Protein chains: 2
Amino acid sequence: MDAGLRAAHWMRVALDLARQAAALGEVPVGAVVVRGESVVGAAHNWRETWRDPTAHAELIAIREASRRLGGWRLDGCELFVTLEPCPMCAGAIVLSRLDAVFYGAPDPKGGALASKMALLTPGLWNHHPEISGGILADECGMILKDFFRGLRPRRGASQSRLPAGARRDVRVAEGARLESE
Amino acid sequence: MDAGLRAAHWMRVALDLARQAAALGEVPVGAVVVRGESVVGAAHNWRETWRDPTAHAELIAIREASRRLGGWRLDGCELFVTLEPCPMCAGAIVLSRLDAVFYGAPDPKGGALASKMALLTPGLWNHHPEISGGILADECGMILKDFFRGLRPRRGASQSRLPAGARRDVRVAEGARLESE
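This structure is a prediction, so every number in the text was calculated from the model and none was measured. Per-chain numbering applies: the sequence of each chain, read as written, is numbered from 1 onward. The order in which chains are written sets their letters, starting at A; the order in which ligands are written sets their numbers, starting at 1. Given that the model is predicted, a residue must reach a pLDDT of at least 70 before its local features are reported, and side-chain atom pairs must reach 80 or more before they are shown or counted; all residues, however, enter totals for whole chains, interfaces and linings. Hydrogen atoms and water are omitted, and side-chain values are computed over all heavy atoms in the structure.

## Quick notes on the packing of helix 3 (residues 57-69) of chain B against helix 4 (residues 87-95) of chain B
Residues and elements named next belong to chain B. Here is the rule: Geometry is summarised by axes, namely lines fitted to C-alpha atoms with helices restricted to the contacting stretch, and by angles between N-to-C directions that run from 0 to 180 degrees. Working definition: helices are DSSP H or I runs of at least four residues, strands are E runs of at least two. Numbering for both runs from the N terminus. Note that the term roughly parallel is reserved for angles under 35 degrees, roughly antiparallel for angles over 145, roughly perpendicular for angles of 65 to 115, and oblique for everything else. Crossing handedness: left-handed means the near helix sits turned counterclockwise from the far one by under a right angle, and right-handed means the same turn made clockwise. Two residues qualify as a contact provided that any one of their heavy atoms is within 4.5 Å of a heavy atom in the partner residue.
At a minimum axis distance of 9 Å, the contact between helix 3 and helix 4 shows a crossing angle of 25 degrees. Judged by the inter-axis angle, helix 3 sits roughly parallel to helix 4. The two elements helix 3 and helix 4 meet at a crossing, and its hand is left-handed. Two secondary-structure elements touch here, helix 3 through E58, L59 and I62 and helix 4 through M88, C89, A92 and I93.

Right, dumping it as C-alpha cells:
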C-alpha cells in the first residue's frame, strides 16, 4: 500500500477511537500502536473517567502494546495518534523505542514534537523515532474543535449533554489548552 | 519541622523504595507523593518486572495518588524522587498539577528538570511546580552506582546474582544511560 494511504488508514482507526472518547465526555484523542499490519495497542483518552492525569491515549496504547508483545521495547512498532503528543507522551515514545510516530493535528500550546518544542530531536536522547505530522490534520483537529464548541454555554440553551462532573473537568481542560488534554 | 529536614525525611522514604527496587533487579529509583504529612502515593521502578516502558517510580506514584484522592489534580501535593525525572515524568508532573518536586541525584544524560533540559521552566506550560534538586544527592546517586557496578561482569566471577532476563535488560538500561531507567 502507498505510504500516505497506509498512514491515513491507521489514522482513521485512531479517529474512531477519538470519537468514542467524545461520546464519553473525554477530550477526543485516539491512538493506535501498529506492528506490521496488526494493531497491538489502541486507546483513547480516559483522564476524566479514570480520574488519572496520565491517562492519555498514547500512554495507554503503549502500555497495552508492551503487555501484548511481552516486553517494554516496541522496536518494529509505529504509533498513530490524532493529536501531536505532549511532553509526557513524547517521553514515553522514547522510552518504548517506537520506530515511528504519525500524528494528525498539531497542538500549538502543548505539542512536544514540533509545535511548542521538538523534544525528540535526533541526538538529544538515546533513541529517536521517525516523525510525520499532519496526517488527516483537518479531520483530527475538527473533532476537537467540535467537542470544545459543544461544551461552551449557550444563551438560553442547556449547557451540555454531559454529566456535571465531566463537564466541569473538560471545561477546565479547555481553559488549560490542549497540552493538558 | 525545618524545610531541609522535612525534605530529607521524605527522601529517605523514597530511598527505602529504591532499595526495594534494587533487590528485585529494577533500577533503584523511588518516589513518594506527599499531601500535608501523609504519603498518598509511593512506588519504585517496575519496568523490568512489569515489562512496561512507562513504569517509572514517579508515574506510578502519581497514578496511585490520583486514585487515592479521587481526582487527577494533585494540587497541594509534593513529589519526592531519588533521581531527577525524565521527560515523560516531567510531563506527568505538569499534567497532575503537583505543587512541588524534590529530587535527589541529578541525571546528566536524561534529567529533564535541569541537567539535560529545563522542561518545567515557568511560562512554558500552564502550570509549573516548585523544583528543588540535590536532596540527599550522594546517597541517591550511590545506590544507582552500586546497582550498576554489581551488574558488570567481573573476570573470574559469576556475572550477577540476578536472573538472566533481568540482568540483560538492566545492562541495556545501563548502556542506554539513566534516561531509560
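## Overview of the sheet that holds strand 5 (residues 130-132) of chain A
Within a sheet, neighbouring strands are paired by backbone hydrogen bonds and run either parallel or antiparallel to one another. Residues and elements named next belong to chain A. Spelled out, the test is: Strand pairing requires that DSSP identify at least two bridges connecting the strands.
Here five strands make up an open sheet; going across it, the order is 2-1-3-4-5 and the pairing mixed. Only two strands of the sheet have a single partner each, and these edge strands are strand 2 (38-44) and strand 5. Going from strand to strand, the sheet's axes swing by 15 degrees on average, the running direction of each strand aside. The sheet contact formed by strand 4 (residues 100-105) and strand 5 spans three bridges and is parallel. Across the sheet, V101 pairs through a bridge with I131, a residue of strand 5.

## Topic: unusual backbone geometry
Residue and element names in this part refer to chain A. Where we set the bar: For every residue, the accessible area (1.4 Å probe, protein chains only) is compared with the maximum for its type, and the residue is labelled buried under 20%, exposed over 50%, or partly exposed between those bounds.
With phi around 55 degrees, R51 is a residue other than glycine that occupies positive phi space. For R51, the position within the fold is in the loop between helix 2 (47-50) and helix 3 (57-69). With phi around 60 degrees, R97 is a residue other than glycine that occupies positive phi space. Inspection of the secondary structure assignment puts R97 in the loop between helix 4 (87-95) and strand 4. In this structure R97 comes out as buried when scored by relative accessible area, which is 6%.

## Things to note about the interface of chain B and chain A
So the rule is basically this: Note on definitions: buried area is the accessible-area loss of two parts on being combined, 1.4 Å probe, summed for both. Here a salt bridge means any side-chain nitrogen of Lys or Arg lying within 4 Å of a carboxyl oxygen belonging to Asp or Glu. Throughout this description, a polar contact denotes any pair of N or O atoms lying within 3.5 Å of each other; where both atoms belong to protein, one of them has to be capable of donating a hydrogen while the other can accept it, and for residues adjacent in sequence the pair is counted only when both atoms sit in side chains. Under this grouping Gly is polar, as are all residues other than the nonpolar Ala, Val, Leu, Ile, Met, Phe, Trp, Tyr, Cys and Pro and the charged Asp, Glu, Lys and Arg.
Residue-level contacts link 36 residues of chain B with 36 residues of chain A. Here chain B packs against chain A, burying approximately 3100 Å² in sum over the two surfaces, 70% of which is carbon and sulfur. Its largest share of buried area at the contact with chain A, chain B owes to W72(B), L95(B) and W125(B), together 23% of the area lost on that side. The interface formed by chain B and chain A includes zero salt bridges. At the junction of chain B with chain A, the criterion picks out five residue pairs in polar contact (both at pLDDT 80 or more). Among the elements of the structure, helix 2 (47-50), helix 3, helix 4 and helix 6 (164-175) of chain B are those that each provide at least two residues to the side of chain B that touches chain A. The element that contributes the greatest number of residues to the side of chain B that touches chain A is helix 4 of chain B, accounting for five residues. Class assignment for the residues of the side of chain B that touches chain A results in 15 nonpolar, ten polar and eleven charged.

## With respect to the pairing of strand 3 (residues 77-83) of chain A
All names here are of chain A. Selection criterion: Handedness of a crossover is defined as follows: orient the strands so they point away from the viewer, and if the path from the first strand over the helix to the second runs clockwise, the crossover is right-handed.
Among the seven residues of strand 3, seven are classified as buried, and the element is accordingly described as predominantly covered. In this sheet, strand 3 lies alongside strand 1 (residues 30-35) in antiparallel orientation, the contact comprising five bridges. Following the sheet pairing, R35 is matched in strand 3 by C77. Pairing geometry for strand 3 and strand 4, over five bridges, is parallel. Bridging across to strand 4, F80 finds its partner in F102. Of the crossover connections in this fold, the one passing from strand 3 over helix 4 to the parallel strand 4 is right-handed.

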